[in-house]
Structure formats: C-alpha cells, structure tokens
Amino acid sequence: MSLPVVDELRDSVEALLRLDAGGHGDAELHAAVVEVAGLRSRLEAAEANLIAAWDNRRVWAADGSRSAAAALARATGSSRTDANRRCRRARRLRTMPATAEAFTAGSINAERVDVLCRANRAEVADQFADAEAMLVDHARTLDFDDLTRAVAYWSGLADDARTADRAQRRHEQRHAHVDITLDGTYALRALLEGIGGE
C-alpha cells in the first residue's frame, strides 16, 4: 500500500518514460533535461523528508534490522554506502533549516547538500548554525569545485576557532596552589598548559 501522491508520481514517471525524446527539437530537449534534473533534486528532498520520519519512528526496525541504512539498502537494492549517505542526509537536514529549504525549493541539489552535511559536524554545530545561510548562498552560486573548496576552507576555520577556544579555556583554567603542611613542608597542586607545565 502506498500513499496516493506516490501513485500519482509513479504515473507521471511512466508518462515521462513513454516520451519519444528524439521527436523533440534541441531547445525543448535541453529545457526538458534541465527541468527533469531540477525535479530529481526536489524528489530527493522529498525522499529525505520521508526517510527522516521513517528513521525517527524506527519503522526500519520492524523487520529486525540493526540500522536504518541496512534496512534501506536491503529494501531498495542500493549499496550500503548509498543508503548510509541518504540516511545521514535525512538526519542532518533536521538541524539545517536553510539547507533543507533550499533543497526543497530545488535551488541546490543533493550533491551540494551532502557537501554542507559533511561540514555540519557535531563539534562545530554552533559555528555551522551561524554560518549556514552564507554556506547555502555559496551552494546556490558557486560552481561545484569552488563550493567544495569554500566549504573546506570554512571547515578549517571552524576547526581552528574550536582549537583556539579550547586553548583559551585551558589557559583560563590554569592555577597553582601551595599549602604548608603541619610539619612545615610545602604541597604544590597545579593545573598548567603544556608549555607552562614544561
């Protein structure tokens, strides 16, 4: 049993498959290729929404599967790698509203979404949330290679900022205490940075 909207989609795909592509002019054919690519992207966004709900409700566990990706790979005949990518995309998009909106609108495709999803790591989630609108704008406007370079550059900056924050916290947490014991000896307790400790 499937959703009525899925039945309608199946009928539309069947009609598209029956189309005699060779019987159309160059301009029509070009427009159709571009339009179908955009529709495919939006269909992948719809799939991500469905996978997110299916994963969140753990529907995949009903057959004893140990993970959503394993169940998806088995049910669809896809590779485990592809199923993992689709499940990871669906999960991460829950915390990426600007990316999800652009994906749903068809202004960025799944490949570009995956570049942003890889950048949205748990350890830089706050920085990603702050930078998401800018990164989505890059995903809309840059060619793919430039996008991957820009996101890699941003990820490096985010990692550097995280490292600097951690170093600053360690610096602020340093301390030293000297206590004089009852017999007149000194007890030293200290927390120092690596260089300070040396």
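These numbers come from a predicted model, not from an experiment.

Our next topic: the overall build of the protein. The number of helices and strands found in the protein is 9 helices and 2 strands. Counted from the first residue to the last, the protein has its helices and strands arranged as α-α-α-α-α-α-α-α-β-β-α. For the protein, restricting intrachain contacts to residue pairs at least 6 apart in sequence, the fraction spanning at least 24 positions comes to 46%. Just so you have it, the protein exposes about 13,500 Å², and 55% of that area is on carbon and sulfur atoms.

What follows covers the packing of helix α2 (residues 26–56) against helix α3 (residues 68–76). Two elements in contact, α2 and α3, have axes whose closest approach is 11 Å; the angle formed by their N-to-C orientations is 125°. The pairing of α2 with α3 is recorded here as oblique in orientation. Here α2 and α3 pass one another in a crossing that is right-handed. Contacts between α2 and α3 involve I51, W54 and D55 from the former and A68, A71 and L72 from the latter. Residues belonging to the contact of α2 with α3 are distributed by class as follows: 5 nonpolar, no polar and 1 charged.

Below, the discussion takes up the side chain of S65. Structurally, S65 is set in the loop between α2 and α3. A polar side-chain atom of S65 sits 2.6 Å from a polar atom in the side chain of D63. Beyond its immediate chain neighbours, meaning those up to four positions away, S65 contacts W60, A71 and R74.

Attention shifts here to a nonpolar patch on the surface. Residues L3, V5, V6 and L50 make up a contiguous nonpolar surface patch of roughly 350 Å² in combined accessible area. With respect to the element layout, L50 can be found in helix α2. Owing to a relative accessible area of 52%, L50 belongs among the exposed residues under this scheme.

At a minimum axis separation of 10 Å, helix α4 (residues 80–93) and helix α6 (residues 110–119) run at an interaxial angle of 65°. By the angle between their axes, α4 is roughly perpendicular relative to α6. The handedness of the crossing between α4 and α6 is left-handed. Here α4 contributes R85, R89, R92 and L93 to the contact with α6, which in turn contributes A110, V113, D114, C117 and R118. In terms of residue class, the contact of α4 with α6 is made up of 4 nonpolar, no polar and 5 charged.

What counts and what doesn't
Residues numbered from 1 in each chain as written. Predicted model: local features only at pLDDT ≥ 70, side-chain atom pairs only at ≥ 80, totals over all residues. Heavy atoms only, no water. Helix = DSSP H or I, 4+ residues; strand = E, 2+ residues; numbered from the N terminus. Contact = heavy atoms within 4.5 Å. Areas by Shrake-Rupley, 256 points an atom, 1.4 Å probe, with all protein chains shown as cover. Axes fitted to C-alpha atoms, helices over the stretch in contact; angles between N-to-C directions. Parallel < 35°, antiparallel > 145°, perpendicular 65-115°, else oblique. Left-handed = near helix turned anticlockwise from the far one by under 90°. Nonpolar A, V, L, I, M, F, W, Y, C, P; charged D, E, K, R; others polar. Polar contact = N/O pair within 3.5 Å; in protein donor to acceptor, adjacent residues only side chain to side chain. Patch = residues over 30% accessible without salt bridge, like charges linked within 9 Å, V, L, I, M, F, W, Y side chains within 5 Å. Salt bridge = Lys/Arg side-chain N within 4 Å of Asp/Glu carboxyl O. Buried < 20%, exposed > 50% of the residue type's maximum accessible area, 1.4 Å probe, protein only.

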